[in-house]
Amino acid sequence: MRPFLAHPFDHDKLHEECGVFGVIGMADASSFVALGLHALQHRGQEAGGIVTYEAEAGFCSARRFGYVRDNFTKADVMATLPGTIGIGHVRYSTAGSKGATAIRDVQPFFGEFSMGGSAIAHNGNITNATALRRELIERGSIFQSSSDSECIIHLMARSMGRNIPDRMEEALRKVEGAFSIVAMTRTKLMGVRDPLGVRPLVLGKLGDGWALSSETCALDIIGAEFVREIEPGEMVVISEKDGVQSHFPFRRMKSRGCIFEHVYFSRPDSILGGRSVYETRRQIGVELAREAPVEADLVCPVPDSGTPAAIGYSQESGIPYAMGIIRNQYMGRTFIEPTEQIRNMGVRLKLNVNRALIKGKRVILVDDSVVRGTTSRKIKDMILDAGAAEVHFRIASPPTAWPCFYGVDTPERSKLLAATMSEEEMRDWIGVDSLKFVSLDGLYRAAGVAKGRDNKSPQYCDACFSGEYPVAPSDMIEKGFEMKAAE
C-alpha cells in the first residue's frame, strides 16, 4: 500500500516527475544530499532515496516512501549513509507502476560492474524504454524494477567501455527521450544532460566540494555557489583529485529546454536559463494583461503557482492585487484512507476563499494551467459561493492539449480539456464569465525571447501546447498514439 494518497487538488496539475541531487568532497555528504532533496521536494513527493560511498562501509543506500523531512532527518537513518560522496532522488511515478510504486522502483539505482559499483539517479523519461527493455530481457538481463531508468544500468553492464563514465556514455547513446542524470562511482560524481537539454541540471561549488542539482534553489539551501548550468549534451565527471572535467559525447543539437519549467515545475526562487523563474512568471502576467484585459475589481492568484503571474497582471492592468484565496500550508497530503465525505470536500481541504474580500467583487483569478479543468470548476464555485459578482479566469500558459512523454505525469490526451474543447467551450464548461490563456508567443516573450516563438525551429520544447515533439515518442507510437499531422 502506498503511504500517501494524493489530494484531489493534485490530480488536476501536471507533475514534474523527479528531482536529482549529488555532492562530492563534503564530509557527511548524505546530510547535504538530504537538504538538497528537501529543496527539490516539489519535483517529487511520492518517494526518495540516497546512496553514498565510504571506503570501509562501501556503497550504502536508503530508500523510503513519503517526504524527505519524514525520512532523511532521522539520526538512525542518516547514520547508515556515511561518506564524502552521495547522490539522491525524489520522485513521482512516470514510467513504471504509476500509482502503485514498489520500493524497488525508488531511485537511485545501483549496479556492480567489473571495475566497481555505480549508482544512478535519472530525471526525465526514456521514450524508447519498452523497446530497449524487450531487447535487454531477450539477451538475458533480469530487471528488478518497472522503471525505465533501470535500462541505463543494464546498458552500462553490457558496454565494453574501459571505465564507468565510458560505459555510461555508450549506454546513453542508445537512449531516446529526455534525461538529466546524476551518478556516482567510488571516487567520481557524474552529471549528464540529453542533447536537447529538456530537463534542467546545474553545477555548484561549496568549499573544496561540488554539487549537481536539478535546480539552483537546492544549491542555495546548502550554501553552495551556483557555477553554471550543465549544457545540453554535456557530461561532467567530477573527482576530488581532478575537479570538473567536461566533454560532449553526443551529436550537438539545438537546445529545446522544457518551457513548462518556467511556468510551473521549477521553484520561483530558482535561476533557469540565466533568468529568474519568478521574473518570467511575473512577466507572463504582464503579457496576459496586455493580451486579455477585462474590467474587474481584484486580481487574485490561485495559490501558490499563480501568484507571480497575478502580481504581473495587477501591475500591468492597474487592478488591485489581493489574496482572495488562502492556502492551508499544513495540508500536505490527505490521510492514507480518506473517507468519501473527506474526498468530496476536495479543493476546500487545501484552499479557502477570503469571503470578506471577495463578496460583491468582480474577480480575476490567475492560475498556471488548466489540465482536466475539474479544479477550476471547484474554485469557481467557491468564489461564487462567497458572493463574487463575476469570475474571470486568466491562465499563465497556453491550453494544454497534448501529453508530455519527457518526464511529466500527464493524463492521456482524451482527458485534457483543451484537446476536446475550444476556448469558448472550456469557458462554458468551467462556468466563468471569461477565460483566456496566454498565447504561445506571449509565453516565449515572457521567457526572454523578444520576437516570440520561432515556428520553424522552436527555442523550447512546448509539445504539451503545440503537439510538436522534438523526439518522437516511439514507445507510445507503437501503442497507438497519433502524432499531430504536419501542417
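Residues numbered from 1 in each chain as written. Predicted model: local features only at pLDDT ≥ 70, side-chain atom pairs only at ≥ 80, totals over all residues. Heavy atoms only, no water.

## A look at empty space enclosed by the protein
Remark: the empty space left among the atoms is shown by a probe the size of a water molecule rolled over them.
Line of reasoning, step 1. Taken as a whole and judged by the stated rule, the model has five cavities of 30 Å³ or more.
Line of reasoning, step 2. Of the volumes computed, that of the largest cavity is approximately 110 Å³.
Line of reasoning, step 3. As for the largest cavity, its lining consists of 15 residues, of which Cys258, Phe260, Cys404, Val408 and Cys464 are closest to the centre.
Line of reasoning, step 4. Those elements that provide at least two residues to the lining of the largest cavity are helix H8 (260-265) and helix H17 (463-466).
Line of reasoning, step 5. Here the lining of the largest cavity is composed, by residue class, of 14 nonpolar, no polar and one charged. (1 Å grid on protein atoms, 1.4 Å probe; cavity = no way out; pocket = protein on both sides within 12 Å on 5 of 7 lines; lining within 4 Å. Points joined across faces, edges and corners; volume = space filled by probe spheres on them. Helix = DSSP H or I, 4+ residues; strand = E, 2+ residues; numbered from the N terminus. Nonpolar A, V, L, I, M, F, W, Y, C, P; charged D, E, K, R; others polar.)

## Description of the pairing of strand S9 (residues 188-193)
Across a regular strand the side chains alternate sides, sitting on one face of the sheet and then on the other.
Line of reasoning, step 1. In terms of burial, S9 is largely enclosed, as five of its six residues are buried.
Line of reasoning, step 2. Following strand S8 (residues 177-184), the chain reverses through three residues before pairing antiparallel with S9.
Line of reasoning, step 3. Two elements, S9 and strand S13 (residues 235-239), share five bridges in a ladder whose sense is antiparallel. Within the sheet, the bridge partner assigned to Gly191 lies in S13 and is Val236. (Buried < 20%, exposed > 50% of the residue type's maximum accessible area, 1.4 Å probe, protein only. Pairing = 2+ DSSP bridges.)

## Overview of the packing of helix H4 (residues 129-138) against helix H5 (residues 150-158)
Two measures define how a pair of helices packs: the angle their axes make with one another and the distance between the axes.
Line of reasoning, step 1. Where H4 contacts H5, the two axes come as close as 10 Å, and the packing angle between them is 45°. Compared by their axis directions, H4 and H5 come out oblique. Considering only the axes of H4 and H5, their crossing is left-handed. Touching Ala129, Leu132, Arg133 and Leu136 of H4 are Cys151, His154, Leu155 and Arg158, all from H5.
Line of reasoning, step 2. When grouped by side-chain class, the residues that make up the contact of H4 with H5 number five nonpolar, one polar and two charged. (Axes fitted to C-alpha atoms, helices over the stretch in contact; angles between N-to-C directions. Parallel < 35°, antiparallel > 145°, perpendicular 65-115°, else oblique. Left-handed = near helix turned anticlockwise from the far one by under 90°. Contact = heavy atoms within 4.5 Å.)

## Some words on the pattern of salt bridges
Line of reasoning, step 1. A complete count under the given rule lists 25 salt bridges for this structure.
Line of reasoning, step 2. Arg134 is paired through a salt bridge with Glu478; the nearest N and O atoms lie 3.3 Å apart. Of this pair, Arg134 sits in helix H4 while Glu478 sits in helix H18 (residues 474-478), and the two are 344 residues apart along the sequence.
Line of reasoning, step 3. In this structure Arg134 comes out as partly exposed when scored by relative accessible area, which is 38%.
Line of reasoning, step 4. Notably, a salt bridge pairs Arg228 with Glu234, separated by 2.8 Å at the nearest N-O pair.
Line of reasoning, step 5. For Arg228, a relative accessible area of 27% translates into the label partly exposed.
Line of reasoning, step 6. Classification of Glu234 as buried rests on a relative accessible area of 1%.
Line of reasoning, step 7. Salt bridges linked by common partners bring Glu287, Arg290, Glu291, Glu316 and Arg445 together as one network. (Salt bridge = Lys/Arg side-chain N within 4 Å of Asp/Glu carboxyl O.)

## Points about the sheet that holds strand S7 (residues 116-126)
Line of reasoning, step 1. Taken in spatial order, the six strands make up an open sheet running S6-S7-S8-S9-S13-S14, and their pairing is antiparallel. Both edges of this open sheet fall to strand S6 (109-113) and strand S14 (243-247), since each of them pairs with a single strand only. Each strand axis lies, on average, 20° off the axis of its neighbour in the sheet, ignoring direction.
Line of reasoning, step 2. The sheet contact formed by S13 and S14 spans five bridges and is antiparallel. Of the residues in S14, the one forming a bridge with Ser239 is Gly243.
Line of reasoning, step 3. Lying over the sheet, H5 contacts S6, S7 and S8, oriented at roughly 5° with respect to S6.

## As for the packing of aromatic side chains
Line of reasoning, step 1. Per the stated rule, a full pass over the model turns up 14 aromatic pairs.
Line of reasoning, step 2. The interplanar angle of 70° and the centroid separation of 6.0 Å between the aromatic rings of Phe179 and Phe250 together place this pair among those described as edge-to-face. On the criterion of sequence distance, the pair formed by Phe179 in strand S8 and Phe250 in the loop between S14 and H8 is long-range, its members being 71 residues apart.
Line of reasoning, step 3. Here Phe250 falls in the buried class, since its relative accessible area comes to 11%.
Line of reasoning, step 4. Members of the aromatic cluster, joined through ring pairs, are Trp402, Phe405, Tyr406, Tyr469 and Phe481.
Line of reasoning, step 5. For Arg69, the ring lying beneath its charged end belongs to Tyr67, and the centroid distance is 4.6 Å.
Line of reasoning, step 6. Directly above the aromatic system of Trp402 lies the positively charged group of Arg413, at a separation of 3.6 Å from the ring centroid. (Phe/Tyr/Trp six-rings, centres within 6.5 Å; stacked < 30°, edge-to-face > 60°. Lys NZ or Arg CZ within 6 Å of the ring centre and 35° of its normal.)

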